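# Commentary on secondary and tertiary structure
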Amino acid sequence: MSSRELCTSFLFTLVLVSCRFLKLEAQLQVGFYSQSCWMAEFIVKNEVRNAFIRDRGLAAGLVRLHFHDCFVRGCDASVLIDSTPANSAEKDSPANNPSLRGFEVIDRAKAILESTCTGVVSCADILAFAARDSIEMTGGLGYDVPAGRKDGRISRASEASANLPGPTSDVNQLTQAFANKGLTQEEMVTLSGAHTIGRSHCTSFSNRLYSYNTTTVQDPSLDLPYSVRLKQQCPEGSTNVNLVVPINPSSPATTDVDYYRDVLANRGLHTSDQTLLTNTATVKQVAQNAMNPTLWRSKFAAAMVKMGQIGVITGSAAGEIRAKCRAIN
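Small disclaimer: the values here were computed from a predicted structure and weren't measured.

### Details of the overall build of the protein
When you go through the protein residue by residue, the secondary structure sums to 14 helices and 4 strands. By the compact-globule yardstick of 20 Å for 329 residues, the protein fits well, its C-alpha radius of gyration being 20 Å. Its C-alpha atoms give the protein principal-axis dimensions of roughly 60 × 60 × 35 Å. When each of the 329 residues of the protein is scored for burial, the buried share is 49%. The contacts of the protein with a sequence gap of at least 6 include a subset with a gap of at least 24, amounting to 75%. Both charge centroids of the protein, one from 32 positive and one from 30 negative side chains, sit 2 Å from each other.

This is the structure:
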């Protein structure tokens, strides 16, 4: 294929993605803050960039924050609310603590926005912008984020545990968890590619190394050389809850398709990664994504936009613009 044909093909893909972006919730709009706080997205991007320079791993943290927010009560920034003596909030659920990070990046962006455009930009929109910026800064495809979300007033740890798919989920459980949020199985496989960046605590997958089931110590689907390396990084019986490993060792800070190549090579870190090879349809999707980086990047951007619309609070619906993201007004 000539360079001109390649360029034309790529532009066509972008047009298709842009068309998909037009199918938005009527109450969410691209450029929502163009009149009320025109610098909003630039301010968020600048704070994400500063954080990324200090710690490249924070990009994965911000993407994960957005995902974990949207899957519990919708994309309403409830994941950012601190616990109180009377309530254990989402962020302190075992599904989120101690693995979630990036809260301070959102705090800094919110503080600047409040001093610039008081009471205008929601924490939920900041999360959506920050996730997009993180993907773009790590090499993924940039995309327009429709905004206009309001912030929720309720955050319960029990709801996080009930709604978030875990690292031991099988393909049927994952498919159902995503279907519950209006996402297809293909979008589930596409969004699983977010594991191309970031890290995981040893406690999330150590059962695959040392106590798989009553008859087998180690998960037989795990690549043996990879399992040896993981055992060195996550020693059996370790009491250090802060031990972490990269989910995609070859390029842990780059949004690419190496995650899918790892899964095909039986180097998916979690059960929820490797299980994608146990279903005929998801195997096909994994292979397609591994072979076509441009297609996956486009699909991933579109799926992030769709995920960002789950259960949003907009318009006159109950909700608020929090003055501080960690507490309701």
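We are not done yet, so read on.
### Description of helix H7 (residues 171–179)
What H7 keeps buried is the set Val171, Leu174, Ala177 and Phe178. Across the axial projection of H7, the buried residues extend over an arc of 125°, all falling on one side. Elements in contact with the buried residues of H7: helix H3 (58–70), helix H8 (185–192), helix H12 (271–274) and helix H13 (280–291). Structurally, the start of H7 carries an N-cap: the backbone nitrogen of Asn172 is 3.1 Å from a side-chain oxygen of Asp170.

### As for the layout of surface pockets
Think of a ball as big as a water molecule: rolled over the atoms, this probe shows where empty space is left. Size it by volume and the largest pocket reaches roughly 950 Å³. Arg64, His68, Pro165, His195 and His270 are, among the 42 residues lining the largest pocket, the residues nearest its centre. Among the elements of the structure, H3, H7, H8, strand S3 (199–201), H12 and helix H14 (293–307) are those that each provide at least two residues to the lining of the largest pocket. Broken down by element, the lining of the largest pocket gets its largest block of residues, 6 residues, from H3. Split into classes, the residues belonging to the lining of the largest pocket amount to 23 nonpolar, 15 polar and 4 charged.

### Observations regarding the state of the cysteines
Tallied over the full model, the rule gives 4 disulfides. One disulfide bridge connects Cys37 with Cys117, the sulfur atoms lying 2.1 Å from each other. On the S-S bond that ties Cys37 to Cys117, the torsion sits near 75°, and the link is right-handed. On the criterion of sequence distance, the pair formed by Cys37 in the loop between strand S1 (29–30) and helix H2 (40–54) and Cys117 in the loop between helix H4 (103–116) and helix H5 (123–137) is long-range, its members being 80 residues apart. As far as burial versus exposure is concerned, Cys37 and Cys117 are alike and both buried. Two residues share a disulfide in this structure: Cys123 and Cys325, whose sulfurs sit 2.1 Å from each other. The S-S bond linking Cys123 to Cys325 shows a torsion near -95°; that makes this disulfide left-handed. Highlighted residues: Cys123 in helix H5 and Cys325 in the segment after H14, separated in sequence by 202 residues. Residue Cys123 is classed as buried on the basis of its relative accessible area of 0%. Each disulfide of the protein joins two cysteines, and with those cysteines numbered along the sequence the arrangement is 1-4, 2-3, 5-8, 6-7.

### Points about the UniProt feature "binding site: Ca(2+) 2" (unreviewed entry) in the protein
Mapped onto the present numbering, the UniProt feature "binding site: Ca(2+) 2" (unreviewed entry) falls at Thr196 and Asp256. Across 61 residues, the annotated set stays spatially compact, with a maximum C-alpha separation of 6.3 Å. Considering the arrangement of structural elements, one finds Asp256 in the loop between strand S4 (244–246) and helix H11 (258–264). Note on Asp256: relative accessible area 18%, which makes it buried.

### Regarding the pattern of salt bridges
Under the definition given, this model contains 19 salt bridges. Residue Asp82 pairs with Arg326 through a salt bridge whose shortest N-O separation is 3.3 Å. With Asp82 in the loop between H3 and H4 and Arg326 in the segment after H14, the pair connects residues that are 244 residues apart, well separated along the chain. Owing to a relative accessible area of 30%, Asp82 belongs among the partly exposed residues under this scheme. Residue classification places Arg326 among the partly exposed positions, given a relative accessible area of 30%.

### Digging into the nonpolar core
Core analysis: the largest hydrophobic core is formed by 70 residues, its most contacted members being Leu65, Leu80, Ile106, Met304 and Met307. Ranked by residue count, the leading element in this core is H5, at 9 residues. Dropping the residues within four chain positions of it, Leu80 is found in contact with Leu65, Lys91, Phe103, Ile106, Cys123, Leu127, Arg322, Cys325 and Arg326.

What counts, and at which threshold
All residue numbers refer to position in the chain's written sequence, counted from 1. Only residues with pLDDT of at least 70 are given local features in this predicted model, and only at 80 or more are side-chain atom pairs given and counted; all residues enter the totals for whole chains, interfaces and linings. For side-chain calculations, the full set of non-hydrogen atoms in the structure is used, while hydrogens and water are omitted. Only DSSP runs of H or I covering at least 4 residues are called helices, and only runs of E covering at least 2 are called strands; the numbering of each starts at the N terminus. Note on method: radius of gyration uses C-alpha positions; expected globular size equals 2.2 Å times residues raised to 0.38. Accessible area is worked out with a 1.4 Å probe on protein chains only. A residue is then buried under 20% of its type maximum, exposed over 50%, and partly exposed in between. A contact between two residues is defined here by any heavy atoms of the two lying within 4.5 Å. Two residue types count as positive, namely Lys and Arg, and two as negative, namely Asp and Glu; His and chain ends fall outside the count. Just so you know, the charge point we use is NZ for Lys, CZ for Arg, CG for Asp and CD for Glu. This arc corresponds to the set of directions leading from the helix axis out to the C-beta atoms. Any pair of nitrogen or oxygen atoms within 3.5 Å is treated as a polar contact; in protein, a donor-acceptor pairing is required on top of that, and neighbouring residues in sequence qualify only through side-chain atoms on both sides. A cavity here means a set of 1 Å grid points, computed over protein atoms only, where a 1.4 Å probe fits but cannot escape. A pocket is an open set with protein on both sides within 12 Å along at least 5 of 7 lines, and lining residues have an atom within 4 Å of a point. Grid points are joined across faces, edges and corners, and a volume is the space filled by probe spheres set on the points. The classification used treats Ala, Val, Leu, Ile, Met, Phe, Trp, Tyr, Cys and Pro as nonpolar, Asp, Glu, Lys and Arg as charged, and all other residues, Gly among them, as polar. Any cysteine sulfur atom paired with another within 2.5 Å is treated as part of a disulfide. UniProt positions are given in the numbering used here, feature names are shortened, and annotations may be inferred rather than shown by experiment. Throughout this description, the term salt bridge denotes a Lys or Arg side-chain nitrogen within 4 Å of a carboxyl oxygen of Asp or Glu. Here the nonpolar core consists of buried residues drawn from Ala, Val, Leu, Ile, Met, Phe, Trp, Tyr and Cys, with membership extended through side-chain atoms lying within 4.5 Å.

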